[in-house]
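# Structural overview
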Amino acid sequence: MAVDFFSLPIELICHILLLLAPRDIRHCTMTCKTFWNVAQNSVDVQYKLELYVQGFTETATLDSISLSRKMSLLKKLTSLWRSDSHLNTVFNEAVISAAIDGLPSWLQHLSWTQSVKCGLWWMSTHGGLFIRDCNRIPNLSRTWLKHSLFSMDQLPIRLTVDPLQNLLALVFSDVFVDVADTEQDHHPIFWVEFRLASSQGPHPDSVCVSLECTHTFDAPGSYHVFVAAPSICGDRIFICYYLKNTENMTVSTTFIQMIDWRNGFAKRCLLLDSQNSLQQVHAIDQRTIVNLNSRSLTVYTLQELDGLLHPRITYLLPKGRQSDMRFTLVHASPSFCGTAACIDLMPGHVPSLESQILVLECLSGQPWRPLSAILVIDMIIFSGMALQSETHVQVPWSEWGPQHTCCFPHDRTHQISVFGSKIAYALPQDHTPEPGQRLEELPADGHFYIHIWDFNTRLIARSEHIYNTDSSNLPIRKPGVVTQSCFDEEIISNHPYTAVAYRTPFPTNGFRQLFLEQDRLTLIWSRIGAVDIQVVSPCAERG
């Protein structure tokens, strides 16, 4: 006997709705009053929809927490970075570095590599590796002098730390490789060691202490090996490199080594359109990467059958001015893939892939400042059916750029950091720039202000809805037209975003970098003999 669907118990209808994707739940609620009432009166459904709108996914950290507590944590998290009040300092520390750096003070910061993840800041220098826990957990802070990083009497040429997995990946190389016999299939070019960041001991989750990466050469000769810093995404480590023949000075295209560090396995892949430079690679997840250069973004996916990366789709960027040589820096959220070695570090909510943005900082050649720009890219373009295509697809800028990007004038002194759908921007004024306005550079001895721009399209769409009582709380802006940039055309961006400017001034003297996280912002200054770390978070308006 047929059963009327709407005669089912409310609890069962609610359970059925929870099996759907958030987008499908929203569609159902618009079809009839029953679905609408069930969704409105179910805390479970409302929590799932709120996660979707805010652009978050839940991690295992919240498995044992009640639903009401989860909703409370989510509301607290989403209330941050929304009002233009002040920033409160929650952590401040000076790290003494000059004594072990071995470089003149004016050169030190140029050789440093640093990052922040889950409240842990790390920096590698010529003198060693510093790890500071800004969560004030003393046992996670470390200082490793350079002699502790040696392997076979060599210092690493590159390294990367993943605090979440307590993983330190070090790359070692002889830098020069002499090839006499090209019939030998596998010539070692560098090796990677997998250590515990907390102790420098072998990482217990890896089947091997180190892994040798090899290359097959087409011609004999002496080669110089250029290697990029490792990019860690869960169980995968991606390392780009290229080779230069020192005899005829020819340069190879860029290759990438894909390493499964837990199982001790590596494979090599050739990257397209990558002559004469180390490519910037961003890992979307453990099976998808984006290869970026000044002309295009190419998405690769890992093929199960052969274990290799295959190009699926290339998005062409706007043409650059021929007289203006430029290069591009990439800003994106850190990866939260992988098993957390310290569960306390894993946030309860992390940005969902479809809500994230990727920012290209396009720096012009000479003159630097008048033509630089940033492109904010909706990462929804890096998912979907296009990635399943068996043939490589090339998409012109006109077919994707206006729909999925925003463009802003930029200066190279304006520091940028990205987390989820938000940008933290260090600018020389305490109010939001006008559409298309190009700001001057940060003064050498003055102040800068923190701006938070949010490109969460779902949240903006909801705030613009006539029935949303909170719509007035979101300062919605539009980028406007960028008439002069390193691109050879006007870039028109009409997509809305929210902009908040904080009135707390910070000194520009010695300012080097900033790192945005969910509930905090880490600011870094360098001075003779030390690095200063200041962590700030948004606070209520002062009375």
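It should be noted that the structure appears before, not after, this text.
Residues numbered from 1 in each chain as written. Predicted model: local features only at pLDDT ≥ 70, side-chain atom pairs only at ≥ 80, totals over all residues. Heavy atoms only, no water.

### Describing unusual backbone geometry
- Positive phi outside glycine occurs at Gln200, with the angle close to 70°.
- Along the polypeptide, Gln200 turns up in the loop between β10 (187-196) and β11 (210-215).
- If you check the backbone angles, Met249 has positive phi at about 65° while not being a glycine.
- With respect to the secondary-structure elements, Met249 resides in the loop between β14 (236-245) and β15 (253-260).
- Look at Met249 and you get partly exposed, because its relative accessible area is 47%. (Helix = DSSP H or I, 4+ residues; strand = E, 2+ residues; numbered from the N terminus. Buried < 20%, exposed > 50% of the residue type's maximum accessible area, 1.4 Å probe, protein only.)

### Some words on helix α8 (residues 397-404)
- All of the buried residues in α8 are Trp397, Trp400 and Gly401. Angularly, the buried residues of α8 cover 100° about the axis, an arc narrow enough to put them on a single face. Exposed side chains of α8 directed beyond 90 degrees from the buried face belong to Ser398 and Glu399.
- Taken together, the buried residues of α8 touch β19 (296-302), β20 (309-316), β24 (373-378), β25 (393-395), β26 (405-409) and β32 (491-493). (Arc of directions from axis to C-beta. Contact = heavy atoms within 4.5 Å.)

### Observations regarding the nonpolar core
- Residues Leu129, Phe448, Ile450, Leu521 and Leu523 are the most contacted members of the largest nonpolar core, which totals 48 residues.
- If you look at the next biggest cluster of nonpolar residues, it comprises 27 residues, including Leu317, Leu358, Leu371 and Cys407. (Core = buried A, V, L, I, M, F, W, Y, C linked by side-chain atoms within 4.5 Å.)

### Here's the deal with the state of the cysteines
- One pass over the full model with this rule turns up zero disulfides.
- Just so you know, Cys233 is unpaired, no disulfide at all, and the nearest cysteine sulfur is the one on Cys337, 3.8 Å from it.
- For Cys240, which is in no disulfide, the shortest distance to another cysteine sulfur is to Cys269 and amounts to 9.8 Å. (Disulfide = S-S within 2.5 Å.)

### Comments concerning the side chain of Gln200
- Under the relative-accessibility criterion, Gln200 is labelled buried at 12%.
- Within the structure, the side chain of Gln200 is placed 2.8 Å from the side chain of Arg195, a separation counted as a polar contact.
- Sequence-distant contacts of Gln200, defined by excluding residues within four places in its chain, comprise Leu129, Trp144, Ser148, Leu149, Leu168 and Arg195. (Polar contact = N/O pair within 3.5 Å; in protein donor to acceptor, adjacent residues only side chain to side chain.)

### Digging into empty space enclosed by the protein
- Applying the stated rule across the entire model yields two cavities of 30 Å³ or more.
- One number sums up the size of the largest cavity: a volume of about 170 Å³.
- Every residue lining the largest cavity is counted, 20 residues in all, and those nearest its centre are Gln54, Phe56, Phe419, Ser421 and Lys422.
- Here the lining of the largest cavity is composed, by residue class, of eight nonpolar, eight polar and four charged.
- For the second largest cavity, the lining is made up of 16 residues, of which Phe408, Pro409, Pro433, Gln437 and Trp453 are closest to its centre. (1 Å grid on protein atoms, 1.4 Å probe; cavity = no way out; pocket = protein on both sides within 12 Å on 5 of 7 lines; lining within 4 Å. Points joined across faces, edges and corners; volume = space filled by probe spheres on them. Nonpolar A, V, L, I, M, F, W, Y, C, P; charged D, E, K, R; others polar.)

### Looking at the packing of aromatic side chains
- Applying the stated criterion across every chain yields a total of 22 aromatic pairs.
- Between Phe226 and Tyr242, the aromatic rings sit 4.8 Å apart at their centres with planes inclined by 10°, giving stacked as the arrangement. Of the two residues, Phe226 sits in strand β12 (residues 221-227) while Tyr242 sits in strand β14, which places them 16 residues apart along the sequence.
- Classification of Phe226 by relative accessible area gives partly exposed; the value is 25%.
- With a centroid separation of 5.4 Å and an interplanar angle of 50°, the aromatic rings of Trp453 and Tyr497 are classed as tilted. In this pair, Trp453 sits in strand β29 (residues 447-454) while Tyr497 sits in strand β33 (residues 497-501), placing the two residues 44 residues apart along the sequence. Comparing Trp453 with Tyr497, the two get one shared label, buried.
- Three or more aromatic residues link up through ring pairs in this structure, and these residues are Phe408, Tyr425, Trp453, Phe455 and Tyr497.
- Just above the ring of Phe336 sits the side chain of Lys117; from NZ or CZ to the centre is 5.8 Å. (Phe/Tyr/Trp six-rings, centres within 6.5 Å; stacked < 30°, edge-to-face > 60°. Lys NZ or Arg CZ within 6 Å of the ring centre and 35° of its normal.)

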